[in-house]
Amino acid sequence: MGKTTLLDRLATSQSESASAIANLRDFAPAAPDDPVEHAIARLLRVERGGDALPIEVLEGSGAKMLLDASDEVDDAFSDSLIPAVTAAAERWPEHTWIIASRPRDAVAALREQGFEVFRIMGSRRWARAYLETRSVPPERVRRAMLDGYGLGGLMTIPLFAERLADRLLDDDPEPPLPLDLLVGEQYAATAREAKRGLQHKEDLGIWMRSLAVALELRGRVSAAVDELDALPGPAGLSGVAARKRLVDASLLADETDVVAFPRRPLQEGLCARAILDTADPSRRSSASP
Amino acid sequence: MVSVVPYAIDPDRTEVERVAVAFAPRADSPSSAQLTWVAPVVMSAAADDDEERLQQRLSSFDYGFGEQEEVVRSRGPS
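About the criteria used
- Residue numbering note: each chain is counted from 1, following its sequence as written.
- Each chain takes a letter, starting from A, and each ligand takes a number, starting from 1, following the order in which they are written.
- Only residues with pLDDT of at least 70 get local features here, since the model is predicted, and only at 80 or more are side-chain atom pairs given and counted; chain-wide, interface and lining totals rely on the full set of residues.
- Side-chain calculation: all heavy atoms of the structure are included, whereas hydrogens and water are not.
- Aromatic pairing here means that ring centres of Phe, Tyr or Trp (its six-membered ring) are within 6.5 Å. Orientation follows from the plane angle: under 30 degrees is stacked, over 60 is edge-to-face, and everything else is tilted.
- Numbering of helices and strands runs from the N terminus; a helix is a DSSP stretch of H or I covering at least four residues, while a strand is a stretch of E covering at least two.
- Accessibility here uses a 1.4 Å probe with only protein chains present; expressed as a share of the type maximum, an area under 20% marks a residue as buried, one over 50% as exposed, and anything in between as partly exposed.
- In this scheme, Lys NZ or Arg CZ marks a charge over a ring once it lies within 6 Å of the ring centre and within 35 degrees of the ring normal.
- Here, axes are lines fitted to C-alpha atoms. For helices the fit covers the stretch in contact, and angles between N-to-C directions go from 0 to 180 degrees.
- Oblique is the label for every angle not falling under 35 degrees (roughly parallel), over 145 degrees (roughly antiparallel), or within 65 to 115 degrees (roughly perpendicular).
- Crossing handedness is read from the near helix: turned anticlockwise from the far helix by less than a right angle, it gives a left-handed crossing, and turned clockwise, a right-handed one.
- Residues count as neighbours in contact if any of their non-hydrogen atoms are within 4.5 Å of one another.
- Gly counts as polar in this scheme, as do all residues outside two lists: the nonpolar Ala, Val, Leu, Ile, Met, Phe, Trp, Tyr, Cys and Pro, and the charged Asp, Glu, Lys and Arg.

**Q** I tried to follow the packing of aromatic side chains on my own but got confused; where do I start?
**A** Two numbers describe a pair of aromatic rings. These are the distance of the centres and the angle of the planes. A full pass over the atoms with the stated rule returns one aromatic pair over all chains. Arranged with centres 5.2 Å apart and planes meeting at 15°, the rings of W126 of chain A and Y130 of chain A form a pair that is stacked. A residue pair is termed a helical-turn pair when its members lie 3 or 4 positions apart in one helix, as W126 of chain A and Y130 of chain A do in helix α6 (residues 124-133) at four residues. As far as burial versus exposure is concerned, W126 of chain A and Y130 of chain A are alike and both buried. Directly above the aromatic system of F61 of chain B lies the positively charged group of R125 of chain A, at a separation of 4.2 Å from the ring centroid.

**Q** Help me out: how do you make sense of the packing of helix α8 (residues 158-169) of chain A against helix α9 (residues 178-194) of chain A in this one?
**A** How two helices sit against one another is set out by the angle between their axes and by the gap between those axes. Residues and elements named next belong to chain A. The geometry of α8 relative to α9 is characterised by a closest axis approach of 11 Å and an angle of 115° between their N-to-C directions. Put simply, α8 runs roughly perpendicular to α9. Here α8 and α9 pass one another in a crossing that is right-handed. Residues L159, F160, R163, L164 and R167 of α8 form the contact with α9, whose participating residues are L181, L182, E185, Q186, A189 and R192. Within the contact of α8 with α9, the residues separate by chemical class into six nonpolar, one polar and four charged.

Structure (structure tokens):
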């Protein structure tokens, strides 16, 4: 339920205006003799992965032009992106242009070009509304947000709200322990990401846990992107790819040049689990002959 | 589709809760993956709005004291 989901919802919302969506991950500058805005126009689709936008819609008015993944443009083309987007919005000004990005330099550049900036915020009120919409009984919502778990801050992350709703709807007489929920859902999410290419689904989770422990031991809550990218990744992945996978899964948050766990308890929970999973060396030595 | 479920009436209507929980959509069910959508909180961010200022405005919205007019809620389908 991040920016991509929001764009998809805007594209399919029941309004009379047409909409088109473009994945800027595929952006490449227009040919030298072509207007720069053509690089955007050729990416526009009537739906994600669908047919190209008809020219009569593009030349018309009142449509929603939704551009996703502006922060995932190939580095070699990134300097061409903002001029192309700006030129497209100026060439076809009768449409509403919405560009989604993580908080990166592109946001500031678009603001300078006259775009208004909005941010999706992790909200406790949203979390409560979400749990109630999922038909979680009010008493269980209250317990989850405040009394039993105190996970209100964590529930502002849609991934965890979604999974906690499932757990709260289970008629389990023993509610999940906060640490189990905290860590279990992180591992579950990394396992889903790992299915996209790793041979061992645990590897990405172990890499994530190592990152949490390393940060905690150094008293840090974030790492520079360059630091992380220089690390060896789990089997089958580079450090860069592992970072991107975890960001895509909302397990890491990245701002300009910095990566961190989206909430401090996520980092601390992984460390707590690592400690609990480590055999007590004194007990082991005393048991040895 | 509407399911009509009889239940034993008690003062707290606990059966209603149990039925609601039983029928509630699960995120891990493929058939219900798209059922639940709650529009996120979307906030206008001016050039001089730093992180602390945004969090203050969010807290005002979350806890219901003032400044709610500054919060924009996207109007996706409900």
